[in-house]
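Below, each chain spelled out in residue letters.
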Amino acid sequence: MRLLHVFGFGLKVGHLLWMLCCWVASMVSMNWFINGEFKAAKASLLGASGNKMWFKFWDKISSHSFKIHHEYYQYVGSKRFSKAWWRKLLPSWLIGWVLASVVIFCCMSSQAAEKRKETLASMCDERARMLQDQFNVSMNHIQAISILISTFHHGKNPSAIDQSTFARYAERTAFERPLTSGVAYAVRVLHSEREQFEKQRGWSIKRMDTLEQNPVHKDDYNPDLLESSPVQEEYAPVIFAQDIVSHVVSIDMLSGKEDSKNVLRARKSGKGVLTSPFRLLKTNRLGVILTFAVYKRDLPSNATPNERIKATNGYLGGVFDIESLVEKLLQQLASKQTILVNVLDTTNRSYPISMYGSNASDDGLEHVSHLNFGDPFRKHEMRCRFKQKPPWPWLAITTSIGILVIASLVGHIFHATVNRIAKVEDDCNKMMELKRQAEAADVAKSQFLATVSHEIRTPMNGVLGMLHMLMDTDLDVTQLDYVRTAQASGKALVALINEVLDQAKIESGKLELEEVQFDLRAVLDDVLSLFSGKSQDKGVELAVYISDQVPEMLIGDPGRFRQIIINLMGNSIKFTQKGHILVTVHLVEEVDSIEVETESSSKNTLSGFPVADRRQSWKGFRTFSQEGSMHPFSDSINLIVSVEDTGEGIPLEAQSRVFTPFMQVGPSISRTHGGTGIGLSISKCLVNLMKGEIGFVSIPKIGSTFTFTAVFTSSFSSSKKYKSQKINNQSNFVSTEFHGMRALVMDPRPVRAKVAKYHIQRLGIHVEIVSKWKQGLSIISKGGSAKNMVLIEQEVWDKDLRGSAHFLDNLDKINRGTPKLFLLSNSIRSSGANNTSGVRNLTIIPKPLRASMLAASLQRAMGVENKGNAYNGELPRASLQNLLIGRKILIVDDNNVNLKVAAGALKKYGADVVTAARGIEAIELLTPPHQFDACFMDIQMPEMDGFEATRRIREIEQDINNRIHFGELSVEAYNNVSNCHVAILAMTADVIQATQEECIRCGMDGYVSKPFEAEQLYREVSRFFQ
């Protein structure tokens, strides 16, 4: 049935393509004539009558194409088509495909034959090339020996070469001449020099022609039995020879018919020449001799043949045993058995001489490769043939038959397919509609899940981070600040879960904002607490400044406002590696007085790094372009909030889609920095609900500044009563004992000093600002009210250590009371903190500054008593410590913050904790044998989730248990444990998804919620550690 639907759909596609062609032809013709292009182009050739004729012609084409299309649609789309044409179409279809199968068979057979021919040519050319290359190498080395003889035998008196020296040298260098069987040198001796030459050598010159006429067996060969060479003008007796051919010593090369021609041709041409194939002396095997003439050293390069003959000293010959050498060459090739090789001397084309090979072959296919051995007179060829006949073209046969069978089947089912076109079309339309509905539902689900994942991550990290810090402290004033931060994060998490469900309301416009009374400064202090750890780890300075004109209490939706700030600051923290992040809050009426620095002037920025011009971020706001948009006499409070960073910036090509849901700046961002790309889109929706606007300015490699406006109501001018929202109200927490104190802030940067002054003044302390050590010392030493504390910026301390020492020495000399010294540092581990070692009465206050943290530091330094609370729930803590102490536990989570917090929580109870970031690592660590007592497994992890990792661990354990049970493995190798099973508990903050049934289904033993609670943790682990 699926095949019928697919085929019917293909027919419909062809039908639609035909319709498209007809429509394009009609539209092109109509537009062409309407625009007058065709008319203008043809006017000069055809005239007015010709143009009219062309118009009528195109009108006929258009009308006929429409009629054809109409008739085609009416006829093909009806059932008459199957009844009228099918009987005629089927035979034509079959005949056509029979002819096509025959053509395909012929084409594939010819391709196979051509490929076989190309294979033979390639193999033959390869062997010919190898033989020729090795012959050239041997020839070059023989020529080198001729130069050696000319230099050290004829060029030295007495000669530096004798028979033994030549034989030894030839044997040691034989590997450089792989194709030669031996080398010999014959000297040129004139008849007048023969007698003296024979006396000097101690033997007479022998003749060769009798040996050629009466060859003897190699075992019967004796050079002493040969006849002396007859009288002639000159002789060429062999005086040096390689040991393997030493039997040719004293034989006159000019007395042999073939050798004489070879020698005379070599000395005349000055090149290496070859003999025709002949039987070698003693071995009686078929071979050839390569001969080089040895000339006097002063012979010019352009010498004539007569000059070469006169300058000849001797002749150097190399013997080639063709049969054995070609056989050795072919043995080097793995496929030598597949083809037969013949090497022939074709100097005489009528009577070629076979040098190697046989003619036995069943295949008539032959390839000839020409060989060039350097002798232009002699011609050689290599002829190759396959040993076996070509196989049957089974691929061509099966392919053509298969195509014919398929065509027959297609023709058989075509009849039923045509009748079902209408029904298939209806089914296809229904299927497309269902597909669109499914895709829409999937998109809605993906948007919902992505929003949930993004919005929960930030407050969850805040809750876990603060709880981790709380568990490592003794609950003094600082820890109380952490408690409030953690509690606020927990409440924010619950609120954000509801906000995730409200995403659909945002898109439909049904979301309503709350109206509660809240402290704006407390909200921003709470957000600072969330990101303080990340900023300190990166070394990025984080700060908040709120104008004094902004009221203490406002009426609006603090949760939504907090959500916007968290999204913007989260992005800034994510993409900023150095510099600062500054959040400023002003009234809209203060815009003209806001100090702005740009990338070209970075002196008055928080960290000294250049920033983008924030004025460009609100340039297009309607609030500043429309008259009457601000109402100064109403109870509305129009805030303008800017989040400035010195991060990577947004590329220009990506800035247009910043507020588009699920859109990332680049494809690598989601992998490098995480996120779903929905935070800014939600922030924009919330800003719109607050009757505000949002914009940004970003410069790559400089940074970004996001600015938004929001409208709130003043709590003092409103006559309505609103409920109060308690969000870690840290400003109300601070004790009033600092009122009336005076502080001196030493900071050369006005913006940073302004931020420090803002936070210190919130404690009721009067603040003065100086930029240098001398100014500070001068103010302290002056009369008037004494300073209770001096807060020094880390940059001042690091830049001038000598000045700081001078300041401290003079500070001790003042009799009016020494103020407390504080160092404002981005991180306790920073260089400035290290430089303060040994300095007495100096307290480090870590940034970012916020009221509660600043108050806690001042209380400790000023001697104020801690006001901490006792632990709650000590009973489960003691019981847990008894259960977990000494236990080795593995924690698996892809989030580093979650790993640290979970590890800290378990280490607090005495457990030995090991962490892993991926499910694959957990499988490797928990593969028996191991020392772990339990594993806390996160559910949602990349690459492999917790459920899949648990299933694989259980499969490994089951396999090992079975092998131990059947005796294939030893129990001692697995710590004497016959049943391997490690307790695995799921870690999740979503108890709905990680139900107990789902955990049990994949092999888990239970689950614990994040963050850990003592009661639930004790309840779960007590089932395993008793």
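Residues numbered from 1 in each chain as written. Predicted model: local features only at pLDDT ≥ 70, side-chain atom pairs only at ≥ 80, totals over all residues. Heavy atoms only, no water.

An unreviewed UniProt entry lists the chain under the name histidine kinase, from Hibiscus trionum. In its Subcellular location (unreviewed entry) section, the UniProt entry covering the chain states "Endoplasmic reticulum membrane". Under the Catalytic activity (unreviewed entry) heading, UniProt states for the chain: "ATP + protein L-histidine = ADP + protein N-phospho-L-histidine." (UniProt positions renumbered as here; feature names shortened; annotations may be inferred.)

Thoughts on the overall build of the chain
If you tally the helices and strands in the chain, you get 31 helices and 29 strands. When the 1026 residues of the chain are sorted by exposure, 45% land in the buried category. A fraction of 74% describes how many contacts in the chain between residues 6 or more apart in sequence connect residues 24 or more apart. (Helix = DSSP H or I, 4+ residues; strand = E, 2+ residues; numbered from the N terminus. Buried < 20%, exposed > 50% of the residue type's maximum accessible area, 1.4 Å probe, protein only. Contact = heavy atoms within 4.5 Å.)

Details of the confidence of the model for the chain
Per-residue confidence for the chain gives a mean pLDDT of 76; residues scoring 70 or more make up 71%. Between residues 1-7, whose pLDDT stays under 50, and residues either more than four places distant or in other chains, the model counts eleven contacts. Ignoring residues within four places in sequence, the model shows residues 725-734, a span with pLDDT below 50, making 34 contacts including any to other chains. (pLDDT = per-residue confidence, 0-100.)

Some words on helix α8 (residues 257-269)
Since the α-helix turns once every 3.6 residues, residues separated by three or four places project in the same direction. Counted at 1.5 Å a residue, the expected span for α8 with its 13 residues is 18 Å, and the 19 Å between its end C-alpha atoms agrees. Just downstream of α8, G270 is the residue with a positive phi angle, here 75°. (Expected span 1.5 Å × (residues − 1).)

Overview of the environment of E1020
As for its placement among the helices and strands, E1020 is situated in helix α31 (residues 1014-1021). Each C-alpha atom of the pair E1020 and V1008 lies 7.4 Å from the other, and the pair is twelve residues apart in sequence. The residues touching E1020, leaving out its near neighbours within four places in the chain, are L985, D1005, G1006, Y1007 and V1008.

With respect to the nonpolar core
Counting residues in each nonpolar core, the largest one holds 52 residues, and the members touching the most others are L520, F561, M569, L639 and F708. Setting aside residues no more than four positions away along its own chain, L520 makes contact with I546, V550, E552, L554, F561, V585 and L639. Grouped together as the second largest cluster of nonpolar side chains are 44 residues, I142, L274, L290 and F373 included. (Core = buried A, V, L, I, M, F, W, Y, C linked by side-chain atoms within 4.5 Å.)

Some thoughts on the pattern of salt bridges
Tallied over the entire structure, the rule returns 35 salt bridges. Residues K847 and E541 are paired through a salt bridge, measuring 2.7 Å at the closest nitrogen-oxygen approach. Of this pair, K847 sits in the loop between β24 (842-846) and α25 (851-862) while E541 sits in strand β14 (residues 541-546), and the two are 306 residues apart along the sequence. Of the two residues examined, K847 and E541, each falls in the buried class. Here the salt bridges do not stand alone but share partners, grouping E541, D747, R749, R752, E793, E795, K799 and K847 into one network. (Salt bridge = Lys/Arg side-chain N within 4 Å of Asp/Glu carboxyl O.)

Some thoughts on the sheet that holds β24
The strand order across the open sheet formed by five strands is β21-β20-β22-β23-β24, and the pairing between neighbours is parallel. Since the sheet does not close on itself, it has two edges, and those belong to β21 (766-770) and β24, each with one partner. Ignoring which end each strand starts from, the neighbouring axes of this sheet average 25° apart. Strand direction decides the pairing type here: strand β20 (residues 742-746) and β21, joined by five bridges, are parallel. Following the sheet pairing, V745 is matched in β21 by I769. Against the sheet, helix α20 (residues 750-761) makes contact with β20, β21, β22 (789-793) and β23 (820-825), and its axis sits at roughly 165° relative to β21, the strand it touches most. Those strands touched by helix α21 (residues 773-781) are β20, β21 and β22, and its axis lies near 165° from that of β20. (Pairing = 2+ DSSP bridges. Axes fitted to C-alpha atoms, helices over the stretch in contact; angles between N-to-C directions.)

Focus on helix α6 (residues 194-201)
By the burial criterion, the buried members of α6 are R194, F197 and E198. Buried residues of α6 fall within an arc of 95° about the axis and therefore sit on the same side. Residues of α6 that are exposed and angled more than 90 degrees away from the buried face: E195, Q196, K199 and Q200. On the buried face of α6, the contacting elements are β1 (182-187), β2 (189-190), β3 (234-235) and β4 (238-241). (Arc of directions from axis to C-beta.)

Thoughts on the side chain of D747
You can see D747 is positioned in the loop between β20 and α20. At 3.0 Å, the side chain of D747 forms a polar contact with the backbone nitrogen of R749. Excluding anything up to four places from it in sequence, D747 contacts R752, A753, I769, V770, S771, E793 and V796. (Polar contact = N/O pair within 3.5 Å; in protein donor to acceptor, adjacent residues only side chain to side chain.)

Examining the sheet that holds strand β27 (residues 934-938)
Strand order in this open sheet of five strands is β26-β25-β27-β28-β29, and the pairing throughout is parallel. At either margin of the open sheet sits one strand with a lone partner, and together these are β26 (912-916) and β29 (1006-1009). Sheet twist, expressed as the mean angle between neighbouring strand axes with direction ignored, is 25°. Alignment of strand β25 (residues 888-892) against β26, held across five bridges, turns out to be parallel. Bridge pairing in β26 links V892 to A916. The strands that helix α29 (residues 946-965) touches are β27 and β28 (983-988); relative to β27, the one it contacts most, it runs at about 145°.

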